[in-house]
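Read off the chains here:
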Amino acid sequence: MFAAEDFAVSLSNGPKDNSFASSEEGSLDSELSKDTSWIMWFCSLKGNEFFCEVDEEFIHDDFNLTGLSTQVAFYEHAVDTILDFDIPEGELDERQQELVEVAAETLYGLIHARFILTARGLQLMLEKFNRADFGRCPRVLCHGQPVVPVGLSDTPRQNTVKVFCPRCWDIFNPRSRSHCTLDGAYWGTTFAHLFFHTYPDRIPVRNKETYIPRIYGFRLHETSEEVRRNHGDCMSSGDTNNAE
């Protein structure tokens with residue numbers, strides 16, 4: 001079990017000014033109406049556009065949460081927070097309440113990583129992909145191809161989320177700075193590729209066009225040092241002297 005203090009530090013689950021405990025949107029009590037759930041509120045925060053709304057039925061099924069209790073402090077209270085269950089007054093002091101709120105965000109991210117692998121989760125993410133909610137590939141020759149989130153690890157607090165382009169089959173950092181702090185484990189290593197396996201019609205034809213470097217209109221010859229170095233075929237004269 002992680003120590004409770006671990007959750008007081010940034011957990012790479014969103015920009016600090018948009019965290020559950022310090023959101024500029026205000027406190028939970030002041031922002032949530034009777035018709036707005038915690039999940040809706042969380043997903044509506046700026047910087048959380050990559051998340052979809054996990055169905056509460058999925059969270060109610062203990063099987064879907066197997067193993068998560070050992071990864072999140074104040075687990076039971078975090079679940080209650082996500083599902084809008086009231087925590088008895090006086091059960092937690094102010095400091096513990098803050099830790100529960102941060103733990104709820106972390107737990108939601110880990111649940112989210114599992115939910116988006118289900119048929120329902122994939123469908124919700126497809127809707128976001130079709131709207132380009134995840135952004136577009138920054139590579140010029142991909143011509144604005146929509147991307148999907150991908151994690152480099154399934155273990156929390158290892159890497160921030162990246163975006164995968166189905167046209168060039170490469171990954172990039174998200175364009176928005178607020179997305180660059182999100183924990184990649186909240187999407188995991190499987191989702192992006194399961195998504196396109198499930199929806200192969202969303203895979204575009206690979207663009208065979210490549211950028212050709214030129215000097216005064218002439219393309220660089222394959223035997224030039226620049227090209228050879230790029231291909232890893234040679235060392236520059238400076239590298240050779242250093243090697244000697």
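Residues numbered from 1 in each chain as written. Predicted model: local features only at pLDDT ≥ 70, side-chain atom pairs only at ≥ 80, totals over all residues. Heavy atoms only, no water.

Asker: Looking at this structure, how should I read the overall build of the chain?
Answerer: The number of helices and strands found in the chain is nine helices and five strands. Of the regular secondary structure in the chain, the N- to C-terminal order runs α-α-α-α-α-α-β-β-β-α-β-β-α-α. Intrachain contacts of the chain at a sequence separation of at least 6 include 63% that bridge at least 24 residues. For the chain, the exposed surface amounts to about 13,900 Å²; the carbon and sulfur share of it is 50%. (Helix = DSSP H or I, 4+ residues; strand = E, 2+ residues; numbered from the N terminus. Contact = heavy atoms within 4.5 Å. Areas by Shrake-Rupley, 256 points an atom, 1.4 Å probe, with all protein chains shown as cover.)

Asker: What should I look at first to understand the state of the cysteines in this one?
Answerer: Think of a disulfide as a covalent bridge from one cysteine sulfur atom to another cysteine sulfur atom. In the structure shown here, the tally under the stated rule is zero disulfides. Just so you know, Cys 137 is unpaired, no disulfide at all, and the nearest cysteine sulfur is the one on Cys 165, 3.6 Å from it. Judged by its relative accessible area of 2%, Cys 137 falls in the buried class. (Disulfide = S-S within 2.5 Å. Buried < 20%, exposed > 50% of the residue type's maximum accessible area, 1.4 Å probe, protein only.)

Asker: Explain the pairing of strand 2 (residues 162–165) to me, please; I cannot follow it from the model alone.
Answerer: Looking down a regular strand, the side chains alternate between one sheet face and the other. Of the two faces of strand 2, the one holding Lys 162 and Phe 164 and the one holding Val 163 and Cys 165 are both buried throughout. Of the pairings in the sheet, the one linking strand 1 (residues 148–150) to strand 2 comprises three bridges and is antiparallel in character. In the sheet register, Val 148 faces strand 2, and the bridge partner there is Phe 164. Linking two consecutive strands that pair antiparallel, namely strand 2 and strand 3 (residues 170–172), is a turn of four residues; a positive phi of about 55° is found at Trp 169 within it. (Pairing = 2+ DSSP bridges.)

Asker: Explain the sheet that holds strand 3 here, please?
Answerer: To summarise the sheet geometry, strands pair through backbone hydrogen bonds and adopt either a parallel or an antiparallel arrangement. The strand order across the open sheet formed by three strands is 1-2-3, and the pairing between neighbours is antiparallel. What marks the edges here is a single partner per strand, and that holds for strand 1 and strand 3. With strand direction ignored, the average angle separating the axes of adjacent strands in the sheet is 45°. Pairing geometry for strand 2 and strand 3, over three bridges, is antiparallel. (Axes fitted to C-alpha atoms, helices over the stretch in contact; angles between N-to-C directions.)

Asker: Explain the side chain of Ser 178 to me, please; I cannot follow it from the model alone.
Answerer: Structurally, Ser 178 is set in the loop between strand 3 and helix 7 (191–198). Accessibility expressed as a relative area gives 16% for Ser 178, which makes it buried. Side-chain polar atoms of Ser 178 contact the side chain of Ser 176, separated by 2.7 Å. (Polar contact = N/O pair within 3.5 Å; in protein donor to acceptor, adjacent residues only side chain to side chain.)

Asker: Explain a nonpolar patch on the surface here, please?
Answerer: A grouping of Ile 215, Tyr 216 and Phe 218 is seen on the molecular surface, where their side chains present a nonpolar patch of about 450 Å² in accessible area. Residue placement: Phe 218 occurs in strand 5 (residues 218–219). (Patch = residues over 30% accessible without salt bridge, like charges linked within 9 Å, V, L, I, M, F, W, Y side chains within 5 Å. Salt bridge = Lys/Arg side-chain N within 4 Å of Asp/Glu carboxyl O.)

Asker: Please explain the environment of Glu 56 as it appears in this structure.
Answerer: Note that Glu 56 resides in helix 3 (residues 56–60). Spatially, the C-alpha atoms of Glu 56 and Leu 83 are 7.0 Å apart, while their sequence positions differ by 27 residues.

Asker: Help me understand the packing of helix 4 (residues 75–82) against helix 5 (residues 94–115), please; the structure alone is not making it clear to me.
Answerer: What describes two packed helices is the angle between their axes and the distance between those same axes. At their nearest, the axes of helix 4 and helix 5 sit 8 Å apart, and the two run at 75° to each other. With respect to helix 5, the element helix 4 is oriented roughly perpendicular. Taken together, the residues of helix 5 that come into contact with helix 4 (itself represented by Tyr 75, His 77, Ala 78, Val 79, Thr 81 and Ile 82) are Val 100, Ala 103, Ala 104, Leu 107, Tyr 108 and Ile 111. Among the residues forming the contact of helix 4 with helix 5, the class breakdown is ten nonpolar, two polar and no charged. (Parallel < 35°, antiparallel > 145°, perpendicular 65-115°, else oblique. Nonpolar A, V, L, I, M, F, W, Y, C, P; charged D, E, K, R; others polar.)

Asker: Just to check I follow, could you spell out the packing of helix 6 (residues 119–130) against helix 7 for this structure?
Answerer: Contact geometry for helix 6 and helix 7: axes closest at 11 Å, N-to-C directions at 90°. Viewed along their axes, helix 6 and helix 7 adopt a mutual orientation that is roughly perpendicular. Of helix 7, the residues touching helix 6 (which contributes Leu 122, Met 125, Leu 126 and Phe 129) are Phe 191, Leu 194, Phe 195, Phe 196 and Thr 198. Residue composition of the contact of helix 6 with helix 7, grouped by class: eight nonpolar, one polar and no charged.

Purely spatial values, then, with no claim about function.
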